[in-house]
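Structural features, examined
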Amino acid sequence: MKNHFSRVGFILAAAGSAVGLGNIWKFPYITGEYGGGAFVLVYLLAIVFIGLTVFLAEAVIGQNAQADVATSFIKTSKSKNKNWKFAGFMIFTGLIILSFYSVVLGWILNYVFTSFGTLPTEASAAGQAFETLITKDIGSQIVYHTIIAGSVIFIVLKGIKAGIEKLNLILMPLLALILFGLLIYALTLDSFSTAVSFMFSPDWSKIDGNALLAALGQAFFTLSLGVGTILTYSASLPKHENFVKSSVMVAIVDTAIALIAGLIIFSFLFEAGAKSAAGPGLVFISLPVIFSGWGMLGQIIAVSFFVALVFAGITSAVSMIEPSLKFFIDRFNMTRKKATIMCGSIFYILGIIALLSMSSAYGGSLTFFGKNAFDWMDFITSSVMMPIAAIVTCIFLGYFVDKDMLKQKFVPNSSLAVFNAWYFLIKFLVPLAIIILFLNKLGII
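The rules behind each value
Residues numbered from 1 in each chain as written. Predicted model: local features only at pLDDT ≥ 70, side-chain atom pairs only at ≥ 80, totals over all residues. Heavy atoms only, no water. Helix = DSSP H or I, 4+ residues; strand = E, 2+ residues; numbered from the N terminus. Buried < 20%, exposed > 50% of the residue type's maximum accessible area, 1.4 Å probe, protein only. Salt bridge = Lys/Arg side-chain N within 4 Å of Asp/Glu carboxyl O. 1 Å grid on protein atoms, 1.4 Å probe; cavity = no way out; pocket = protein on both sides within 12 Å on 5 of 7 lines; lining within 4 Å. Points joined across faces, edges and corners; volume = space filled by probe spheres on them. Nonpolar A, V, L, I, M, F, W, Y, C, P; charged D, E, K, R; others polar.

1. Here we look at the environment of D375
Looking at where D375 falls in the secondary structure, it is placed in helix α16 (residues 373–399). Under the relative-accessibility criterion, D375 is labelled partly exposed at 36%. Considered as a pair, D375 and I352 are 23 residues apart in the sequence and their alpha carbons are 14 Å apart.

Have a look at this one:
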């Protein structure tokens, strides 16, 4: 069973995949931009009705087929049509995301070390420091990107049980411990009650079409859907395990960490009199300035916070490469070592291109049609490849898979009513919602 997860291992690994920078960095700043409570409520509804539905879809395909993504679609289809292998394109999405994700994790690792020294005391200085890092300090970025990429490659070389499961058994509890400590400190601040009110008292005037789509997008992408990760991890879950219960647990853990991170960050922001709508610069500009005003305690909190971000990011990064590895191992009989070196080299080189594209020295040469290579990688994966993969998955299960087979998979692990609700969502409502999100992202509607 060395190539299979235990039930706890699967939950922690899938939660580790889902819990990433999207929870601790992106969720708070998007919540801030859309006014707090009403956005949080819409986000929670989207998690339940959209995110969890697609998560269960990937989980049932993976656990049923016990194979790589391409083979899983073929084996699960009614006709066993080999053309379904093309649904396996989603494995490359994770590899591309990992390219620039590793660069961003490198920035955060840089901030871990920076937090041991002197933190900027003004937003202008913090902004300038971050700008210098990404546009001029190519050497440091390459060093930190190399450390992150090397760590990911080292972990996945060890396999499912000794590598990925063991990593998550260590890092996920440590991440929870750090966040719990930061939450306890936030509870001592006068601003904590303000943060609670901001996040859980709906102001519906802030909700418009953009907010709805942002909530849907955040719910969808935070669970690592549309990249083959959940499908691949589920393929390493023994067939007798309750995938429905495990999937719900992952969604609960993922959502809880996002909410806790929001409470912590908004408590810090409001305590310092900063704006809730700090935008993407919140982590790299606003928070370091706040931490600097708290003296030695601020440095301890800064180090803890950025270490938590690194932990969350590494568990997600490891999950993004696994679908590609399983594909090449299963379909081309590669050794795990050979597949890891090949896929690792691809994302590492793409990462170098991504970070160079933001530099003042090479950015012009790596900018096409108004976007640099980093932004193109982000746009193509999040706005095109991931939504298409989710739409394909929904249509596949709704129209090309035997309904009775799916019912047999679900009913021992849940009720018939739960299955019927899930099947209706996957066949009709969820693909429609994702298509709307997809077309909006492309600027068509």
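Read on, since the account is not over.
2. Side note on the pattern of salt bridges
Within this structure, the stated rule accounts for two salt bridges. The salt bridge partner of E322 is R336, with a shortest N-O separation of 2.6 Å. One end of the pair, E322, is in helix α14 (residues 295–332); the other, R336, is in helix α15 (residues 336–356), with 14 residues separating them in the sequence. Since its relative accessible area comes to 2%, E322 is described here as buried. Among the ionic pairs, D330 bridges to K326, the shortest N-O distance being 3.4 Å. Of this pair, D330 and K326 both sit in helix α14, separated by four residues, roughly a single helical turn.

3. What to know about the layout of surface pockets
Of the pockets and cavities examined, the largest pocket occupies roughly 1,000 Å³. For the largest pocket, the lining is made up of 39 residues, of which W25, K26, F100, Y101 and D378 are closest to its centre. Among the secondary structure elements, those contributing two or more residues to the lining of the largest pocket are α1 (7–18), α2 (21–33), α5 (90–114), α6 (123–135), α10 (209–222), α14 and α16. Tallied by class, residues from the lining of the largest pocket come to 20 nonpolar, 14 polar and five charged.

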